[in-house]
Structure formats: C-alpha cells, structure tokens
Amino acid sequence: MHKSQKILAGIFLGGILLGGIGTGVALVEYSSLAYGGEKEIGQENLVVQELDYTFDPMQEKIRIIRGYQDRDAMVETDRSVPEGTVRYVVTYNKRTIRPTLSFWEDSPEEEEPGETDKESEEKQAHKVMCLQMETDYIGNDFGLMMENKDRILADLKEKKISSYHVAYVTDVRILVNPQTISSIQGRSREHDSDYGSTSDAQSGF
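Residues numbered from 1 in each chain as written. Predicted model: local features only at pLDDT ≥ 70, side-chain atom pairs only at ≥ 80, totals over all residues. Heavy atoms only, no water.

Draft legend 1. Highlighting the overall build of the chain. When helices and strands are tallied, the chain shows four helices and 11 strands. Counted over contacts in the chain with a minimum sequence separation of 6, partners at least 24 positions apart contribute 87%. Accessible area of the chain: about 13200 Å², with a carbon and sulfur share of 54%. (Helix = DSSP H or I, 4+ residues; strand = E, 2+ residues; numbered from the N terminus. Contact = heavy atoms within 4.5 Å. Areas by Shrake-Rupley, 256 points an atom, 1.4 Å probe, with all protein chains shown as cover.)

Draft legend 2. Structural context of the side chain of N93. Among the secondary structure elements, N93 is positioned in strand β5 (residues 85–93). Under the relative-accessibility criterion, N93 is labelled buried at 0%. For N93, the residues in contact, after removing those within four places along its chain, are I41, G42, N45, L46, V166, A167 and Y168. (Buried < 20%, exposed > 50% of the residue type's maximum accessible area, 1.4 Å probe, protein only.)

Draft legend 3. Spotlight on the packing of aromatic side chains. Summed over the entire model, instances satisfying the criterion amount to two aromatic pairs. Geometrically, the ring pair formed by Y53 and F103 is tilted, given 5.0 Å between the ring centres and 50° between the ring planes. Note that Y53 is positioned in strand β2 (residues 46–54) and F103 in strand β6 (residues 97–105), a separation of 50 residues in sequence. Since its relative accessible area comes to 48%, F103 is described here as partly exposed. With centroids separated by 6.4 Å and ring planes inclined at 55°, the aromatic side chains of Y137 and Y168 adopt a geometry described as tilted. One end of the pair, Y137, is in strand β7 (residues 127–137); the other, Y168, is in the loop between β8 (160–166) and β9 (169–176), with 31 residues separating them in the sequence. (Phe/Tyr/Trp six-rings, centres within 6.5 Å; stacked < 30°, edge-to-face > 60°.)

Draft legend 4. Molecular detail of the nonpolar core. I62, I64, V86 and Y88 are the most contacted members of the largest nonpolar core, which has 21 residues in total. Where this core is concerned, the elements lending two or more residues are β2, β3 (60–65), β5, β7 and β9. If sequence neighbours within four positions are ignored, V86 has contacts with L51, D52, Y53, F55, I62, I64, L131, I174, L175, V176 and I184. (Core = buried A, V, L, I, M, F, W, Y, C linked by side-chain atoms within 4.5 Å.)

Draft legend 5. Region of interest: the pairing of β9. Looking at chain direction, strand β4 (residues 75–77) and β9 are connected through three bridges and run parallel. Bridge pairing in β9 links T77 to V176. With seven bridges connecting them, β5 and β9 associate as antiparallel partners. Bridge pairing in β9 links Y92 to V169. (Pairing = 2+ DSSP bridges.)

Draft legend 6. How the structure looks around the pattern of salt bridges. Scanning all chains against the criterion turns up four salt bridges. Note that R173 is salt-bridged to E76, the shortest N-O span being 2.9 Å. In this pair, R173 is assigned in strand β9 and E76 in strand β4, connecting sequence segments 97 residues apart. Given a relative accessible area of 32%, R173 falls into the partly exposed group. Residue E76 is classed as buried on the basis of its relative accessible area, which comes to 15%. Taken together, the salt bridges that share partners define one network made up of E50, D52 and R87. (Salt bridge = Lys/Arg side-chain N within 4 Å of Asp/Glu carboxyl O.)

Draft legend 7. Looking closely at a nonpolar patch on the surface. A contiguous nonpolar patch, built from L153, L156 and I161 and spanning about 240 Å² of accessible area, is present on the exposed surface. By secondary structure assignment, the location of L153 is in helix α4 (residues 149–157). Taking relative accessible area as the criterion, L153 reaches 43% and is therefore assigned partly exposed. (Patch = residues over 30% accessible without salt bridge, like charges linked within 9 Å, V, L, I, M, F, W, Y side chains within 5 Å.)

Draft legend 8. How the structure looks around the pairing of β7. Where β3 and β7 come together, six bridges link them in parallel fashion. For I65, the partnering residue across the bridge sits in β7 and is Q132. As paired elements, β6 and β7 share nine bridges and run antiparallel to each other. Each bridged residue has a counterpart across the sheet, and for W104 the counterpart in β7 is C130.

All we've got here are geometric facts, nothing functional implied.
Next up, the structure:
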C-alpha cells in the first residue's frame, strides 16, 4: 500500500510538472505574437445601393432622423437628384444586412409664445415627414468567421493576432437637389432638438 501511494504521488507530481511545462510553452508562444491591427471581414461582399424617397416640396418638409449606421452622414446637394427626392447612397455588406427607408408624419409643432398668425400659418402650411434609414440583419456572423478561418490561421502562422470585425454599413451619403434643400431639416441622435443643423456640402455643381 505504501509503495502504491508513492507511485500515485509520482504520477500526480508528473502531471503537474507536464501541465506547468505546457502552460509555459503556451505563454511563450502567446507572448511572441504581434498585433496585426483591425481587419474587416466581408469587404468582398460590399455593394452600393440607392434608396429614394419622393415628396412634394410645396406641401411637405423632410426631417432626417439619424441612427447609428448613418450618424456621420451629411446632407449634400447634387443636381443629378430629381427635385422633391431624398436619395440615400448606401455601401453595405449584402450578406449581413438589408437597408430600407422608413417614414412617418411628425406631430404638429405647438404654437410658440409671441408667434404671429402669419408665422403660425406658414408652419401649418407644410406637414413634416420624418425619414430614417433602417437595416434588417440577414447574416450569420459565426458563419462568416468560419469562412475566413484560413485567413485567421494564416495570421497565426505568421505570429500575428488581429482584431476581426464583420462589415455591415461602411458608408452613407444623403443627397438632395439644390432646389429642394430648403425643405430638408437635419436631426442627429445626439442633438434631437437641432432641427436646422443640416450641412449643405455643395457637390454636383
């Protein structure tokens, strides 16, 4: 019995020693890896699509509602866009999301103190339509990562480790005709009350 206990103790200590060696080797390998930076998965699936919303400038004003995907998009003027049209030019990964436009009528603005009858009439002469780009998720991030496993393994063989992220929406432009830019109101998620902050980046002239 005493002899068998020594054998078992030897096996136990040997296991600890081998485990320690394995951990040491793993730490040495990990510490030798260099950071390869950020890499985007799905660039080969990027497409550009135009989404148009038409309106009557004589009766409507458009309030742009920005979300996460188009938070940095600026309203630009472009003569190739028909009058009475808001055009979203969206670059996105066709395997992960599908962009759409949603719209609804905004609640009438309340009369402000000191507002004249003429100002009130002008405000009520146009209905305000809210316009927002939305995205429907249709992809499988895990599947995309598995499809790119060879790329990830190749980096590891070169002793590099990178930060991978899947491409969704990579660029959004909002275009309107110069003749109808006055009908556009801009609003961002960070500045909900900034209805007149649309930036007129002149293009297409």
